[in-house]
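# Descriptive analysis of the structure
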Amino acid sequence: MDNFEQVEEVDEVGELQDLQGADLEENNEELVVENVVEPTVGMSFDSPDEMFEYYKTYGLQEGFPVMRRSCRKGDDGSLRYVTFTCGRNGKSKAKATNVLRLQPNQKIGCNAKIGERLDIVSGKWVIGNLILEHNHAVSPSKSRYYRCNRSISPFVKKLLEINEEAGIKMAQSFKSIVVEAGGFENVSFLERDARNHVDKVRRLRLGEGDAIAIQRYFQKMQTENDGFYFSIDLDEEGRLKNVFWADPRSRAAYKDFGDVVTFDTTYLTNKYDMPFAPFVGVNHHGQSILLGCGLISHEDTETFTWLFDTWLSCMSGCPPLGIITDQDKAMKRAIQIVFPDTRHRWCLWHILKKVPEKLGRYAEYHAIRVSLLSVVYDLHTPVEFEEAWHDMLDRYDLRNNQWLNDLYVERNHWVPAFVKTTFWAGMSTTQRSESMNAFFDGYVNSKTTLKQFVEKYEKAMESKIEKERQADARSFSQRLPCRTSFAMEKQVEEVYTISKFQEFQQELVNKIYCEVFSCGGSEYEVIENDEKSREKTFRVIFEKDEGEIRCVCSMFEYKGILCKHAIAVLSRNRVQLLPEKYILRRWRKDVRRFYSKVKVSYDARSSSIEHQRYREECTAFYDVAEVASKNEESHKNIMGWIEKAMKDVSLNVRCDDDDTTIDGGSSSNIQDPVVSRRKGRPPSQRKQKQFKRPKQKSNNVSINTTIEDAEIHDLSSQVATTIPTQESNMAMQPQQAPPQHAFFPPYYQY
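Residues numbered from 1 in each chain as written. Predicted model: local features only at pLDDT ≥ 70, side-chain atom pairs only at ≥ 80, totals over all residues. Heavy atoms only, no water.

## Some remarks on the pairing of strand β5 (residues 113–118)
This is how the line gets drawn: Two strands pair under a simple rule: DSSP has to find at least two bridges between them. Put simply, DSSP marks the helices as runs of H or I at least four residues long and the strands as runs of E at least two long, and each gets a number from the N terminus on.
As paired strands, strand β4 (residues 79–86) and β5 are joined by 5 bridges and run antiparallel to one another. Paired with Tyr81 across the bridge in β5 is Arg117. Strand direction decides the pairing type here: β5 and strand β6 (residues 125–131), joined by 6 bridges, are antiparallel. Pairing of Leu118 across the sheet is with Trp125, part of β6. Where β5 folds back onto β6 in an antiparallel hairpin, the turn is made up of 6 residues, including Gly123, whose phi is positive at roughly 80°.

## Details of the confidence of the model for the protein chain
Quick reminder of the rule: On a range of 0 to 100, pLDDT expresses the predictor's confidence in each residue. Here a residue-residue contact requires only that any non-hydrogen atoms of the pair lie within 4.5 Å.
Summing up the model confidence of the protein chain, the mean pLDDT is 77 and the portion of residues at 70 or higher is 73%. Within the protein chain, helix α21 (residues 564–572) carries the highest mean pLDDT (95), whereas strand β1 (residues 4–7) carries the lowest (38). Low pLDDT, under 50, characterises residues 653–667; the predicted model gives this stretch 12 contacts beyond four residues in sequence or across chains. With pLDDT under 50 throughout, residues 681–750 is counted as low confidence; its partners more than four residues away or in other chains account for 178 contacts.

## A few points about helix α4 (residues 170–181)
Under the convention used in this document: What a helix is expected to span follows from its residue count: subtract one and scale by 1.5 Å. Only protein chains enter the accessibility calculation, which uses a 1.4 Å probe; a residue whose area is less than 20% of its type maximum is buried, one above 50% is exposed, and one in between is partly exposed. The directions from the helix axis to the C-beta atoms are what the arc is built from.
Across its 12 residues, α4 extends 16 Å between first and last C-alpha, which sits within 8% of the 16 Å expected from 1.5 Å per residue. When α4 is considered as a whole, its buried residues turn out to be Met170, Ser173, Phe174, Ile177 and Val178. Buried positions in α4, seen along its axis, are confined to an arc of 140° and lie on one side of it. Along α4, exposed side chains directed more than 90 degrees from the buried face belong to Lys175, Val179 and Glu180. Two residues or fewer after α4 comes Gly182, characterised by a positive phi angle close to 90°.

## Some points on the environment of Leu321
In this fold, Leu321 is placed in the loop between α8 (301–314) and β13 (322–325). Using a relative accessible area of 58% as the deciding quantity, one classes Leu321 as exposed. In this structure the C-alpha to C-alpha distance between Leu321 and Thr422, which are 101 residues apart in sequence, comes to 8.6 Å. Excluding residues that lie within four positions of it along the chain, Leu321 makes contacts with Gly258, Asp259, Thr342 and Arg343.

## Section: the sheet that holds strand β17 (residues 536–543)
Inclusion rule: Axes, fitted as lines to C-alpha atoms, cover a helix only where it is in contact. Angles between the N-to-C directions of the axes lie from 0 to 180 degrees.
Pairing is antiparallel in the open sheet, where 4 strands are placed in the order β15-β16-β17-β18. Of all the strands in the sheet, the pair left with one neighbour each is β15 (514–518) and β18 (548–551). Each neighbouring strand pair of the sheet contributes to a mean axis angle of 25°, computed without reference to strand direction. Examined bridge by bridge, strand β16 (residues 523–528) and β17 share 6 bridges and lie antiparallel to one another. Bridge assignment links Glu523 to a residue of β17, and that residue is Ile541. The strands touched by α21 are β15, β16, β17 and β18; relative to β15, the strand with the most contacts, the crossing angle is about 55°.

## Concerning the pattern of salt bridges
Stated precisely, the cut-off is as follows: Each reported salt bridge corresponds to a side-chain nitrogen of Lys or Arg within 4 Å of a carboxyl oxygen of Asp or Glu.
Enumeration according to the criterion identifies 23 salt bridges in this entry. A salt bridge links Asp46 to Lys124; its shortest N-O distance comes to 2.4 Å. You can see Asp46 sitting in the loop between β2 (44–45) and α2 (48–62) and its partner Lys124 sitting in the loop between β5 and β6, a full 78 residues away along the chain. A residue is classified by how much of its surface remains accessible, and Lys124, at 31% relative accessible area, is partly exposed. With a shortest N-O distance of 3.8 Å, Arg588 and Glu580 are connected by a salt bridge. When salt bridges that share partners are traced, they join Lys500, Glu503 and Lys559 into one network.

## Notes on the nonpolar core
Short version of the rule: Among buried residues, the Ala, Val, Leu, Ile, Met, Phe, Trp, Tyr and Cys ones that are joined through side-chain atoms within 4.5 Å form a nonpolar core.
Of all hydrophobic cores here, the largest spans 71 residues; its most connected members are Leu359, Trp389, Trp414, Ile549 and Leu562. At 7 residues, helix α12 (residues 365–377) tops the list of elements feeding residues into this core. The contact partners of Leu562, leaving out residues within four places of it in the chain, are Glu507, Ile549, Phe556, Ile567, Leu570, Leu578 and Tyr582. Counting 53 residues, the second-largest nonpolar core is a separate cluster that includes Phe276, Leu295, Ala330 and Met331.

## Some remarks on the packing of α12 against helix α13 (residues 382–395)
Filter applied, for reference: Here the word oblique covers every angle except those under 35 degrees (roughly parallel), over 145 (roughly antiparallel) and from 65 to 115 (roughly perpendicular). Three residue categories are used. Nonpolar comprises Ala, Val, Leu, Ile, Met, Phe, Trp, Tyr, Cys and Pro, charged comprises Asp, Glu, Lys and Arg, and polar comprises the others, including Gly.
The interhelical angle for the contact between α12 and α13, taken along N-to-C directions, is 170°, at an axis separation of 9 Å. On the basis of their axis angle, the class for α12 and α13 is roughly antiparallel. Contacts between α12 and α13 involve Ser371, Leu372 and Val375 from the first element and Phe385, Ala388, Trp389, Met392 and Arg395 from the second. The class makeup of the residues in the contact of α12 with α13 is 6 nonpolar, 1 polar and 1 charged.

## Thoughts on α21
Across the 9 residues of α21, 7 count as buried, placing the element largely inside the fold. Those residues of α21 not exposed but buried are Lys564, His565, Ala566, Ile567, Ala568, Val569 and Leu570. Following α21 by one or two positions, Arg574 adopts a phi angle in the positive range, close to 60°.

## Regarding unusual backbone geometry
Even without being glycine, Ser554 reaches a positive phi, approximately 55°. On the secondary structure map, Ser554 appears in the loop between β18 and α20 (555–559). Of note, Arg574 is a non-glycine position whose phi angle comes to about 60°, a positive value. By the element assignment, Arg574 lies in the loop between α21 and α22 (609–628). Given the relative accessible area of 71%, Arg574 is considered exposed.

## Remarks on the side chain of Arg249
Mapped onto the fold, Arg249 is located in helix α7 (residues 248–257). Excluding its chain neighbours within four sequence positions, the residues that come into contact with Arg249 are Ile465, Glu468, Tyr595, Ser596, Val598 and Val600.

## Observations regarding the environment of Val540
Considering the arrangement of structural elements, one finds Val540 in strand β17. Sequence separation between Val540 and Tyr524 is 16 residues, and the spatial gap between their C-alpha atoms is 5.1 Å. Not counting residues within four places of it along the chain, the set of residues in contact with Val540 comprises Ser522, Glu523, Tyr524, Val526, Ile549, Arg550, Cys551, His565, Ala566 and Val569.

## As for the pairing of strand β7 (residues 229–234)
Of all 6 residues that make up β7, 6 are buried, and the element is covered over most of its length. With 6 bridges connecting them, β7 and strand β8 (residues 240–246) associate as antiparallel partners. Note that in β8 the partner of Ile232 across the bridge is Val243.

## Quick notes on a nonpolar patch on the surface
Just so we agree on the cut-off: Here, patches come from residues exposed beyond 30% relative accessible area and free of salt bridges, joined within 9 Å for like charges and within 5 Å for nonpolar side chains (Val, Leu, Ile, Met, Phe, Trp, Tyr). Each accessible area value is a Shrake-Rupley result obtained with a 1.4 Å probe; residue values ignore everything except the protein chains displayed when judging cover.
Together, Phe621, Met639, Trp641, Ile642 and Met646 make up an exposed nonpolar region whose accessible area comes to about 540 Å². Structurally, Phe621 can be placed in helix α22. According to the relative accessible area criterion, Phe621 is partly exposed, its value standing at 48%.

## So, the packing of aromatic side chains
Put simply, the rule is: Any pair of Phe, Tyr and Trp rings, taking the six-membered ring for Trp, is counted once the centres come within 6.5 Å. Such a pair is stacked with planes under 30 degrees apart, edge-to-face with planes over 60 apart, and tilted for the rest.
Following the criterion strictly, the structure yields 28 aromatic pairs and no others. Look at Tyr55 and Tyr58: their rings are 6.5 Å apart centre to centre, the planes differ by 20°, and that puts the pair in the stacked class. Residue Tyr55 and its partner Tyr58 are located together in helix α2, separated by 3 residues, close to a single helical turn. Residue Tyr55 is classed as buried on the basis of its relative accessible area of 2%. Relative accessible area serves as the criterion here: at 7%, Tyr58 is assigned to the buried category. Between Phe174 and Phe184, the ring centres sit 6.2 Å apart and the planes meet at 40°, which makes this aromatic pair tilted.

Here it is in structure tokens:
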């Protein structure tokens, strides 16, 4: 007697979404399949799987989906009966909770099926029950859209995973597969299937909640990289609040390029709206270099103080000489607390882009704008600025403009005449931070979870480091021809990187627009007139005995490149070579910098033995296919050999799913962060700006990942009260109680 029945239904809800608007009648685009004979009672098969494959192929030919419906076991527990039905069998079950937004369903109670039983004597599976009639139209041309006929080959799965890790959008990745296959009709799956596969792989790779995943990622990086530093800030409920991390390469680079940093939090990277807060410097090529970064939940003084304190501890307590930020008051207070001796400068771009909004209502707006730009850019000393500023206010009756009055009070933070005597490595805006954000834009977006972010961060950093190495190789192996016969040009060309030499070379060439007049003693007056802008006068002091030269424009002081006015005075005094103090180590290409030798394991998986074997095998198979595909006989021989090799390999290799396990000590419950509320108006109520920055292209793929809190035993219960400054340390603390704008003139320098 049969005492057990197991029913297995495959609900194909959503299949009709792929067919909406399609003609259910036959058309001329039917799939070409081998002719499959119609099933009859008494047909036998070696196994239920063989029978299912036959019925599926028959359904593909006739134009209907199939599914496994039920199976029944005997007294001994072995399978005795199986039933396969049309995929439209069964009744529709509405799963949507909103009755106004019901989803289409293909279940309409079709009774077409085949039933098979095991013949005990012969051991064959024989069709004993058969219904061929359907209660719906069938269409072979639609067969490829049914779920039972859709599959992704292992090779294509691997390709999709690699493209996803490289930051290639799914739409582009799928399109390349369609092109290679010769059209959509030759692809055995839909773009939706590819997205589902990538999402599944991503969940398997990082299967915990966001907070747990990011913590385990940092622990893994500490294990693989000596000197990796991170700190996690928790609130009183044990919920992730703020995160900071820096890899050993960034920490080492800070010793060479940590004199000036920019800090900006205007970029959202994840679904929690936690701003990405990078500390960005400038390397010897003038490229942006990451010196640590954080994800923060609030933009208040307390949060910024925590982040700056953590970053300072990470960098062995050595603060930068200068830091550039926007006008955020909370940020300003935190800098005064943590970096009291650091020169703080505001982003000039952020200030001047507000001019149309703040002054556009005045009748003489255009004249005011020109006057303001002249006061900001053309005056070289604080005394000159203050005189011209007050004159502008009186001329246009601007004494009661609160925005201008507030800017004047804080003039030490943004006016070039006040800040240009400090070294800024040529930076005057947070554009470096924003360009770093734009760089990450190809890898993350506002839908990205923290789990996905930490994965994408690796890829973004790999690419950034590769660009620096390319610039190093270019400066090492190539020479930029000199444009003059001046010995100082040859002197700088031999020691500076190509990009920095080009900046000096341009200043040297532009000295032809400078006319030098001696004012007696060591003082000179240089008149610059390039016929593109109005004539300007600069005062230069040259102490010949001390080999020291100073220009009122202070270009060398803030940029580290000697200006054309100073070069003109040196040339006037027949100075052939630059004094050594004007050749900065910072821009030299012949300096061995320790940070460039620091190895960081950004992607240990790609360098695994298994991955290396996979690459070698794929390369070899491509070479074989290139030769064998040229004639039919070679093709058949290779395909036969591959089929035999697959059988041999399958006997010796057991394939398991990847399951990454992090070995650690104690752990505790860390909850995912709450969605942060940004400062300012709600997005739907924000005013439209008169000047919009160009939008960066971003990955708009929406990834729906289920976030589940997992447990990590006993980690936040032993909370550190101070942040260690040693290498490879983690601290977890609970909470105690631009691109150049069209508005700017062409001589925008500072």
